[in-house]
Amino acid sequence: MKNTTKKIFAMLLAGTLAVSMVACGGAEPPADDGTTAGVTTKAPAVTANPNSSANKKPVSDFEVEAVKNKIVTVGTSLEDIIAGLPTELEVTIPGEASGVSEKLYSTDFSSADTFASEWTACDEDGVLSLDGGKFATTAKSNRVKAYVTDPEWAKADSVDFANYAIKAVIRGTAEEAPTNNFGIIFRASNVTASGPDSYDGMYVGIGDNNGQLCVGKAYDGKWTSIKNIDFDYVANQDYTLEVIVYNENFVVLLDGTVMYEGEVDPLMINGTVGLRTFEQLFECSEFSVRTVGADDFNHFEAGYVEVKKLPVTWTCDDYDANKAGRYGFFGTITEGLPEGKQAQVKVNITVREAS
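Examining the pairing of strand E10 (residues 144-148)
Phase 1 of the analysis: Most of E10 is tucked away: 5 of the 5 residues are buried.
Phase 2 of the analysis: Burial of E10 is two-sided: the residues Val144, Ala146 and Val148 facing one way and the residues Lys145 and Tyr147 facing the other way are all buried.
Phase 3 of the analysis: Strand direction decides the pairing type here: strand E7 (residues 119-123) and E10, joined by 5 bridges, are antiparallel. Of the residues in E10, the one forming a bridge with Asp123 is Val144.
Phase 4 of the analysis: Where E10 and strand E19 (residues 272-278) come together, 4 bridges link them in antiparallel fashion. Bridging across to E19, Tyr147 finds its partner in Gly274.

Digging into the pattern of salt bridges
A side chain with one charge can pair with a side chain of the opposite charge if their charged atoms come near.
Phase 1 of the analysis: Applying the stated criterion to the full structure yields 9 salt bridges.
Phase 2 of the analysis: For Arg290, the salt bridge identified is with Asp296, shortest N-O distance 2.8 Å.
Phase 3 of the analysis: Owing to a relative accessible area of 25%, Arg290 belongs among the partly exposed residues under this scheme.
Phase 4 of the analysis: Using a relative accessible area of 7% as the deciding quantity, one classes Asp296 as buried.
Phase 5 of the analysis: Here the salt bridges do not stand alone but share partners, grouping Lys134, Arg171, Asp238 and Glu283 into one network.

Description of the packing of aromatic side chains
Phase 1 of the analysis: Overall, the coordinates contain 23 aromatic pairs when judged by the stated rule.
Phase 2 of the analysis: Measuring from centroid to centroid gives 4.8 Å for Phe297 and Tyr304, while their planes differ by 85°, and the two rings are edge-to-face.
Phase 3 of the analysis: Overall, Phe297 belongs to the buried group, its relative accessible area being 6%.
Phase 4 of the analysis: Tyr304 sits in the buried class, given a relative accessible area of 18%.
Phase 5 of the analysis: Between Tyr319 and Phe329 the ring centres are 5.6 Å apart and the planes differ by 65°, which places this aromatic pair in the edge-to-face class.

What to know about the sheet that holds strand E21 (residues 305-311)
Phase 1 of the analysis: Spatially, 3 strands are ordered E3-E5-E21 in an open sheet, and the strand pairing comes out antiparallel. Only two strands of the sheet have a single neighbouring strand rather than two, namely strand E3 (63-64) and E21.
Phase 2 of the analysis: Two strands pair when backbone bridges link them, and strand E5 (residues 88-94) and E21 are joined in this way by 7 bridges, in the antiparallel orientation. Note that in E21 the partner of Thr92 across the bridge is Val307.

Some thoughts on the confidence of the model for the chain
Phase 1 of the analysis: Residues of the chain with pLDDT of at least 70 account for 86%, and the chain-wide mean is 88.
Phase 2 of the analysis: The low-confidence segment residues 1-47, where pLDDT is below 50, has 8 contacts with residues more than four positions distant or belonging to other chains.

Let's talk about unusual backbone geometry
Phase 1 of the analysis: You will see that Asp220, though not glycine, has its phi angle at about 55°, which is positive.
Phase 2 of the analysis: In this structure Asp220 comes out as exposed when scored by relative accessible area, which is 60%.

As for the side chain of Asp208
Phase 1 of the analysis: Mapped onto the fold, Asp208 is located in the loop between strand E13 (200-207) and strand E14 (213-219).
Phase 2 of the analysis: Put simply, Asp208 is tucked away with no salt bridge, and the nearest opposite charge, on Arg276, sits 7.4 Å away.
Phase 3 of the analysis: Those residues within four positions of Asp208 in sequence are excluded, and the remaining contacts are Pro178, Thr179, Asn180, Asn181, Cys214 and Asn228.

With respect to the sheet that holds strand E4 (residues 70-73)
Phase 1 of the analysis: Taken together, 4 strands build an open sheet; the order of strands is E4-E24-E23-E22 and the sheet is mixed. With partners counted over all chains shown, the strands left at the sheet margins are E4 and strand E22 (313-315), one partner each. Along the sheet, successive strands turn relative to each other by an average axial angle of 30°, direction set aside.
Phase 2 of the analysis: Strand direction decides the pairing type here: E4 and strand E24 (residues 343-352), joined by 4 bridges, are parallel. Opposite Ile71, over in E24, you have Thr350 as the bridge partner.

So, the environment of Ser288
Phase 1 of the analysis: Along the chain, Ser288 turns up in strand E20 (residues 282-290).
Phase 2 of the analysis: Considered as a pair, Ser288 and Val169 are 119 residues apart in the sequence and their alpha carbons are 9.4 Å apart.
Phase 3 of the analysis: Excluding its chain neighbours within four sequence positions, the residues that come into contact with Ser288 are Tyr105, Ser106, Ala165, Ile166 and Lys167.

Parameters at a glance
- Residues numbered from 1 in each chain as written.
- Predicted model: local features only at pLDDT ≥ 70, side-chain atom pairs only at ≥ 80, totals over all residues.
- Heavy atoms only, no water.
- Buried < 20%, exposed > 50% of the residue type's maximum accessible area, 1.4 Å probe, protein only.
- Helix = DSSP H or I, 4+ residues; strand = E, 2+ residues; numbered from the N terminus.
- Pairing = 2+ DSSP bridges.
- Salt bridge = Lys/Arg side-chain N within 4 Å of Asp/Glu carboxyl O.
- Phe/Tyr/Trp six-rings, centres within 6.5 Å; stacked < 30°, edge-to-face > 60°.
- pLDDT = per-residue confidence, 0-100.
- Contact = heavy atoms within 4.5 Å.
- Lys, Arg positive; Asp, Glu negative; His and termini not counted.
- Axes fitted to C-alpha atoms, helices over the stretch in contact; angles between N-to-C directions.

Here it is in structure tokens:
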């Protein structure tokens, strides 16, 4: 109790001294942080100019190809910046598809001579058979591939997309579920017999992890798994495997059901089609390729889209070559669009003092 009394007395004494200091003119001067006479005043907020090009957003009805932001030094002219930007950009335009799918190629493997003239086989282990009108493997091998030889519709050595729909009726002929895979290669090039992944192209097959649908790709001799999709695999049962590839996208159907949709590797814009197995016994009884028709786009989530490369005009209303800062350059596309529609993209240009 005595200690408590002493503490209270000390606090009262300190308070009395503080009051006397104020009464004698010892008040603290106004603070530099915006407080005056005990009243806090906030510093004015710095508000970004919403009308500056750096803060404006592009207005577009369509997806436009992105352009990387750039850094330049003070003194770079508007004309020099625009000269370094692309003159054309890709615009993705949804629309209504037209046209009926037409046959490009088909075979039933009934003739070994026809197969030899139309296909190139990679079969270093000698396990490929065409008996009974079926493309089949008689023993396990990891080097079996075969592809349609240089068809015009593969658009090899061009800058055009090779768009087509592939259909193969295949079955695993081993009693157990496949632990590896067998299926279709597409947009394929540089196919050789040196190994299981000695091709540059996309792949869809049956197998991996006890009978899943396997999606992947090979490039420069290296394999990349993209996706495995579960389904109820049955040995010695025919499966109709289809791949529809259009521009940057492809969709996979198994017995008419969409199983996967994804993007094609940007390096694989064209190429041929074929069959491949990795240490799995399998056979293919039908194989065909056709053009992509209007009905095929019903299988794509986005439906039909057309990618056009269109001219672009660049502007920046507030650019000052002598002032460091960030500016927005807007690329506007007007030609080649549906009536009443617009397409625009923005590039941020950062201007810095020369070091």
